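Working through the structure, step by step
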There are 4 protein chains.
Amino acid sequence: MSQDADQLAKACADSMWANDQASSGLGMQIDKVEQGFAQLSMSIRKDMLNGQEIGHGGFIFTLADSAFAFACNTYNQFTVAQHCSVSFLAPVYLNDRLTATAVERNRTTRSGIYDVTVVNQKGDTVAEFRGHSRTVKGQHIPDL
Amino acid sequence: MSQDADQLAKACADSMWANDQASSGLGMQIDKVEQGFAQLSMSIRKDMLNGQEIGHGGFIFTLADSAFAFACNTYNQFTVAQHCSVSFLAPVYLNDRLTATAVERNRTTRSGIYDVTVVNQKGDTVAEFRGHSRTVKGQHIPDL
Amino acid sequence: MSQDADQLAKACADSMWANDQASSGLGMQIDKVEQGFAQLSMSIRKDMLNGQEIGHGGFIFTLADSAFAFACNTYNQFTVAQHCSVSFLAPVYLNDRLTATAVERNRTTRSGIYDVTVVNQKGDTVAEFRGHSRTVKGQHIPDL
Amino acid sequence: MSQDADQLAKACADSMWANDQASSGLGMQIDKVEQGFAQLSMSIRKDMLNGQEIGHGGFIFTLADSAFAFACNTYNQFTVAQHCSVSFLAPVYLNDRLTATAVERNRTTRSGIYDVTVVNQKGDTVAEFRGHSRTVKGQHIPDL
């Protein structure tokens with residue numbers, strides 16, 4: 001991907017992040033964004049634990065879903081999640097540091113498929129996520 | 001389902017709920033639990049909004065996932081989510097009241113499939129979720 | 001559903017079936033079609049067995065996919081499968097008679113979700129399928 | 001992967017293929033098998049066309065499912081498909097030559113996730129498939 005493409009990607013991410021109370025409220029941080037790619041990380045807090053003292057799968061999904069959202073919105077076109085699936089492969093615990101890496105698998109004019117792998121601080125995969133996106137009207141920033 | 005089965009279901013849910021900081025922290029409430037069935041509701045708060053001022057799909061998933069968890073854990077056997085898929089059908093907004101209804105579609109000795117429909121306060125469907133569960137060792141309460 | 005709606009559904013199915021070499025070539029038959037609903041059946045032949053002498057999952061999927069296609073095409077608007085998922089719950093054997101029942105779960109202007117359950121001749125569920133459809137240009141028969 | 005591992009993979013594939021009437025009956029051929037990897041190809045025949053004169057999605061799924069099966073059975077342990085999802089990205093036509101490439105994404109003692117991409121003779125992606133496998137009792141060949 002060209003330098004311009006990655007600059008556009010970062011500008012889109014900055015614009016999204018500025019108002020994304022959900023992702024920042026959960027303590028996520030953006031580690032890296034490039035065209036069709038995003039990496040976000042988040043720590044498992046006490047308020048993310050379920051009845052078995054393990055992290056609620058919903059928060060693992062939410063981290064993956066945010067990584068997916070940032071990756072598919074790197075073309076300066078509003079893009080939304082249409083369908084997502086997730087496989088939970090290992091439990092996560094209090095204070096685990098999760099990293100979600102979203103990679104573009106396929107992209108046509110309107111639709112995209114993104115694969116997101118979530119690992120813990122030891123590098124063990126805790127979830128595999130696949131997201132299907134669809135572009136809608138609107139763009140994140142004025143045309144450069 | 002017999003009265004005993006539903007009493008067991010409720011006892012399992014009470015036991016899970018007592019320590020589920022994730023679900024209660026998000027403001028969920030359990031509306032109804034029966035054997036193989038659960039209904040939970042939650043309001044969309046300001047800290048659940050993403051960059052487009054609509055509810056982050058992750059919280060819709062989390063509500064559905066909790067309903068799924070309560071429904072598949074009604075047999076007094078620890079049961080975990082293995083694979084889930086979700087289709088987002090309509091956006092949700094600040095203060096929307098969402099209700100997730102989880103119904104058992106299939107259950108064998110070890111595995112189960114649960115369908116969860118999430119509607120808003122107007123009764124419009126905002127998401128369709130399907131969860132695949134698997135039982136693990138352990139039970140919620142001592143045998144009655 | 002009104003009588004007219006079901007007549008339209010049947011007319012669409014007749015039009016599709018007339019040229020559907022795939023479904024008829026596999027020995028499928030249409031048991032019932034109504035608006036948003038279809039039931040098809042098929043027997044497991046010798047050429048559908050895989051290396052373990054059990055029916056290849058691909059043919060179970062294909063039966064479910066055909067039921068889905070007939071159900072989502074009952075509105076006289078060309079409609080295609082966009083995304084499908086299937087869970088294989090029990091093996092199928094030579095001469096098993098499978099019945100796939102497709103029920104509409106959700107439908108908007110352009111998109112639909114259909115659940116298909118596949119049972120064998122004993123009524124045991126062998127697969128659960130969920131299909132996501134999308135309408136495209138064109139219709140099956142001239143407007144009545 | 002070591003040479004031994006790939007030899008074992010090929011021996012497993014040979015054993016499966018010998019009795020797989022379904023895959024051979026559809027005209028599939030195995031292009032390549034390695035540990036955790038398989039590539040199969042197949043041409044779209046007249047009896048695979050549906051009512052719109054395009055290839056029935058069920059056959060695209062079946063090719064992907066076979067590639068998945070050969071890839072996840074390369075460890076000389078019987079392994080079955082548990083859950084699969086497929087996205088249909090472009091139509092296929094009579095005489096199209098499809099190639100399905102199955103790559104292992106994740107594997108634990110009992111479970112695996114495999115991604116299968118199906119392309120046509122022009123290299124255009126026509127489907128993306130993800131399969132979840134589970135090992136069962138039995139092995140393909142005696143221990144070497």
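Residues numbered from 1 in each chain as written. Chains lettered and ligands numbered in written order. Predicted model: local features only at pLDDT ≥ 70, side-chain atom pairs only at ≥ 80, totals over all residues.

This brings us to the overall build of chain A. When you go through chain A residue by residue, the secondary structure sums to three helices and six strands. Starting at the N terminus and ending at the C terminus, chain A contains elements arranged as α-α-β-β-α-β-β-β-β. Scaling as 2.2 N^0.38, a compact globule of 144 residues should have a C-alpha radius of gyration of about 15 Å, and chain A matches this with 15 Å. Across its three principal axes, chain A shows a C-alpha extent of roughly 50 × 25 × 25 Å. (Helix = DSSP H or I, 4+ residues; strand = E, 2+ residues; numbered from the N terminus. Rg over C-alpha atoms; globule rule 2.2 N^0.38 Å.)

Our next topic: the relation of the copies chain B and chain C. Superposition record for chain B on chain C: RMSD 0.0 Å, screw rotation 180°, translation along axis 0.0 Å. Taken together, the rotation angle and the small translation identify this as a two-fold axis. Here 100% of the contact residues of chain B are again contact residues in chain C; the copies associate through an equivalent surface. (Least-squares fit on C-alpha atoms with pLDDT ≥ 70 in both. Contact = placed C-beta atoms within 7 Å.)

This next bit is on the interface of chain B and chain C. Taken together, the contacts link eleven residues of chain B with eleven residues of chain C. Listed by contribution, the elements that provide at least two residues to the side of chain B that touches chain C are β3 (79-88), β4 (97-107) and β6 (125-135) of chain B. Sort the elements by how many residues they give to the side of chain B that touches chain C and β6(B) lands first, with four residues. Within the side of chain B that touches chain C, the residues separate by chemical class into two nonpolar, six polar and three charged. (Nonpolar A, V, L, I, M, F, W, Y, C, P; charged D, E, K, R; others polar.)

Another aspect to go through is the environment of B:Leu8. You can see B:Leu8 is positioned in helix α1 (residues 3-19). Under the C-beta neighbour-count criterion, B:Leu8 is labelled buried, with 20 such atoms within 10 Å. (Buried ≥ 20, exposed ≤ 12 C-beta atoms within 10 Å, placed from the backbone.)

Attention now goes to the sheet that holds strand β2 (residues 37-43) of chain B. The sheet built from twelve strands is open, its strands ordered β1(A)-β2(A)-β4(A)-β5(A)-β6(A)-β3(A)-β3(B)-β6(B)-β5(B)-β4(B)-β2(B)-β1(B) with antiparallel pairing. Edge positions in the sheet fall to β1 (29-34) of chain A together with β1 (29-34) of chain B, since each has one partner strand and no second. Sheet twist, expressed as the average angle between the axes of neighbouring strands with direction ignored, equals 20°. Pairing analysis gives five bridges linking β1(A) to strand β2 (residues 37-43) of chain A, with the strands arranged antiparallel. Each residue of the ladder has a partner; that of A:Lys32, found in β2(A), is A:Gln39. (Pairing = 2+ DSSP bridges. Axes fitted to C-alpha atoms, helices over the stretch in contact; angles between N-to-C directions.)

This paragraph deals with the sheet that holds strand β5 (residues 111-119) of chain D. Taken in spatial order, the twelve strands line up as β1(C)-β2(C)-β4(C)-β5(C)-β6(C)-β3(C)-β3(D)-β6(D)-β5(D)-β4(D)-β2(D)-β1(D) in an open sheet, and their pairing is antiparallel. Unpaired on one side and paired on the other, β1 (29-34) of chain C together with β1 (29-34) of chain D mark the two borders of the sheet. Neighbour to neighbour, the strand axes of the sheet diverge by 20° on average, direction disregarded.

Helical geometry: 3.6 residues make up each α-helical turn, so side chains three or four residues apart lie on a common side. Residue and element names in this part refer to chain C. The terminal C-alpha atoms of helix α1 (residues 3-19), which comprises 17 residues, lie 25 Å apart, in line with the 24 Å expected from a rise of 1.5 Å per residue. Those residues of α1 lying buried are Leu 8, Ala 9, Cys 12, Ala 13 and Met 16. The arc that holds the buried residues of α1, viewed along the axis, is 135°, so those residues lie on one side. Turned more than 90 degrees off the buried face of α1, the exposed positions are Gln 3, Asp 4 and Ala 18. If you follow the buried residues of α1, they end up packed against β1 and α3 (57-72). (Expected span 1.5 Å × (residues − 1). Arc of directions from axis to C-beta.)

Attention now moves to the interface of chain A and chain B. In this assembly, 30 residues from chain A lie in contact with 30 residues from chain B. For the side of chain A that touches chain B, the elements supplying multiple residues, two or more each, are α1 (3-19), α2 (21-25), α3 (57-72) and β3 (79-88) of chain A. In terms of residue count, the dominant contributor to the side of chain A that touches chain B is β3(A) (eight residues). Grouping the amino acids of the side of chain A that touches chain B by side-chain chemistry returns eleven nonpolar, 15 polar and four charged. As defined by bridge partners, β3(A) adjoins β3(B) across five bridges and the pair is classed as antiparallel. Directly across from A:Ser87, in β3(B), lies its bridge partner B:His83.

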